[in-house]
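Letter by letter, the chains look like this.
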Amino acid sequence: MGGSKIDIVVGLVLLSQGANLIILASGGLKQNAPALISKSSGDMADPLPQALVLTAIVIGFGILAFILTLLTRSSDS
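So, here's what we can say about the structure.

Rules and cut-offs
- Residues numbered from 1 in each chain as written.
- Predicted model: local features only at pLDDT ≥ 70, side-chain atom pairs only at ≥ 80, totals over all residues.
- Heavy atoms only, no water.
- Helix = DSSP H or I, 4+ residues; strand = E, 2+ residues; numbered from the N terminus.
- Buried < 20%, exposed > 50% of the residue type's maximum accessible area, 1.4 Å probe, protein only.
- Contact = heavy atoms within 4.5 Å.
- Areas by Shrake-Rupley, 256 points an atom, 1.4 Å probe, with all protein chains shown as cover.
- Patch = residues over 30% accessible without salt bridge, like charges linked within 9 Å, V, L, I, M, F, W, Y side chains within 5 Å.
- Salt bridge = Lys/Arg side-chain N within 4 Å of Asp/Glu carboxyl O.

## Considering the overall build of the protein chain
Within the protein chain, the regular secondary structure consists of two helices and zero strands. When each of the 77 residues of the protein chain is scored for burial, the buried share is 8%. Long-range contacts, defined as pairs at least 24 residues apart, comprise 57% of the intrachain contacts of the protein chain with a sequence gap of at least 6. Roughly 6,400 Å² of accessible area belongs to the protein chain as shown, and the carbon and sulfur atoms make up 70% of that amount.

## Observations concerning a nonpolar patch on the surface
A cluster of nonpolar side chains, contributed by Ile6, Val10, Leu14 and Leu68, occupies part of the molecular surface with about 360 Å² of accessible area. With three residues, helix H1 (residues 5–26) is the largest single contributor of residues to the nonpolar patch. Relative to the elements of secondary structure, Leu68 occurs in helix H2 (residues 47–76). Given the relative accessible area of 34%, Leu68 is considered partly exposed.

## A look at the environment of Leu54
Mapping Leu54 onto the fold places it in helix H2. Classification of Leu54 as exposed rests on a relative accessible area of 57%. With 34 residues separating them in the primary sequence, Leu54 and Asn20 have C-alpha atoms 8.7 Å apart.

## Let's talk about the side chain of Asn20
Topologically, Asn20 is positioned in helix H1. Each residue touching Asn20, except ones within four places of it in the same chain, is listed here: Val53, Ala56 and Ile57.

Set out below in structure tokens:
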């Protein structure tokens, strides 16, 4: 009836990556838009969603490493 611990960890990783995709898509996708300020003040890509997703990926990787460490320590004893 209950899932294994690894199934829960994989589910949490997939959930966090899905949330990252939603945040990135909510920023609006602009094709051929410069990421930095250029001489022409046209449409620019919004850097805030990209920065939030990059930060979330790094934090998610740290949490994943911590959870896997806890799982290996708890299965030893």
